[in-house]
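Fold and contact review
Listed below are the residues making up each chain.
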Amino acid sequence: AGMLKEWLRGLRQVIIPDLKYPECINLCKEVEKEEEFSQERKQQLLAILESIPSVNLSVLKQLVRVVLLASHPLVVTKTKMTEKNMAIVFAPSILHNPSTDPTSMLHNAKYEIDFAVLCVLALAHEWETDVAATAMRITGGGTAGDAKDDTDNPLMAGWEAHEDPESGHVYYYNKETKKSQWNPPSMPVNK
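Before going into details, it helps to say that this report is about the structure given with it. (Residues numbered from 1 in each chain as written. Predicted model: local features only at pLDDT ≥ 70, side-chain atom pairs only at ≥ 80, totals over all residues. Heavy atoms only, no water.)

Further remarks concern the packing of helix α4 (residues 54-70) against helix α6 (residues 83-94). Orientation of α4 relative to α6, taken along the N-to-C sense of each, is 160 degrees, at an axis distance of 9 Å. Classed by the angle they form, the pair α4 and α6 counts as roughly antiparallel. Crossing of α4 against α6: the hand is right-handed. Side by side, α4 and α6 meet where Leu60, Leu63, Val66, Val67, Leu68 and Ala70 of the first sit next to Glu83, Met86, Phe90 and Ile94 of the second. Residues of the contact of α4 with α6, tallied by class, amount to nine nonpolar, no polar and one charged. (Axes fitted to C-alpha atoms, helices over the stretch in contact; angles between N-to-C directions. Helix = DSSP H or I, 4+ residues; strand = E, 2+ residues; numbered from the N terminus. Parallel < 35°, antiparallel > 145°, perpendicular 65-115°, else oblique. Left-handed = near helix turned anticlockwise from the far one by under 90°. Contact = heavy atoms within 4.5 Å. Nonpolar A, V, L, I, M, F, W, Y, C, P; charged D, E, K, R; others polar.)

In structure tokens, the structure reads:
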């Protein structure tokens, strides 16, 4: 995270251009007021992201992948970095207050972090299965060779079977809990 943060600091501009800053802060204020990240607000965020230079959007998408990987439940035990922690670290590289007024800067710092979190939430779907497989590989959360080929049996609710692109083995991912494992999830015992 430290090396990536240094690389991001070296960029000539932050990921979100200064002209978009007020729109981003207003979006975060609306989400805070509504107390949820609604589909309408998600679409607003995606429209903002689609309007930034494509290279900036590509950098942001890769950054989201890193945040998701570092904060994956299998990895967080080692990194101690949650999505919120990662948002605090990377928010200044994503969105920067163009104002020099200290009051404005202090007041909007919370919304800059919130914006980083919303970016992760909005773009997470692009990386979920890739991140789950990568997290399993780097943490040793079982090995692909341990996986049972049980793809013909129906899965428990919330679980999906995916193929690991590196090994070709099937792994299982639960979108709700963000848990991934090589072996099929066990069915609960009815009592």
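From this point, the discussion proceeds with the structure in view.
This part covers the pattern of salt bridges. Going through the model one piece at a time under the given rule, you end up with eight salt bridges. Residue Glu23 is joined to Lys20 by a salt bridge in which the shortest nitrogen-to-oxygen separation is 3.5 Å. A relative accessible area of 39% places Glu23 in the partly exposed class. We classify Lys20 as partly exposed; its relative accessible area is 21%. (Salt bridge = Lys/Arg side-chain N within 4 Å of Asp/Glu carboxyl O. Buried < 20%, exposed > 50% of the residue type's maximum accessible area, 1.4 Å probe, protein only.)

On to helix α7 (residues 102-123), then. Counted at 1.5 Å a residue, the expected span for α7 with its 22 residues is 32 Å, and the 31 Å between its end C-alpha atoms agrees. Remark: the principal bend of α7, roughly 40 degrees, maps to Asn108. (Expected span 1.5 Å × (residues − 1). Bend = angle between axes of the 7 residues up to and from the residue.)

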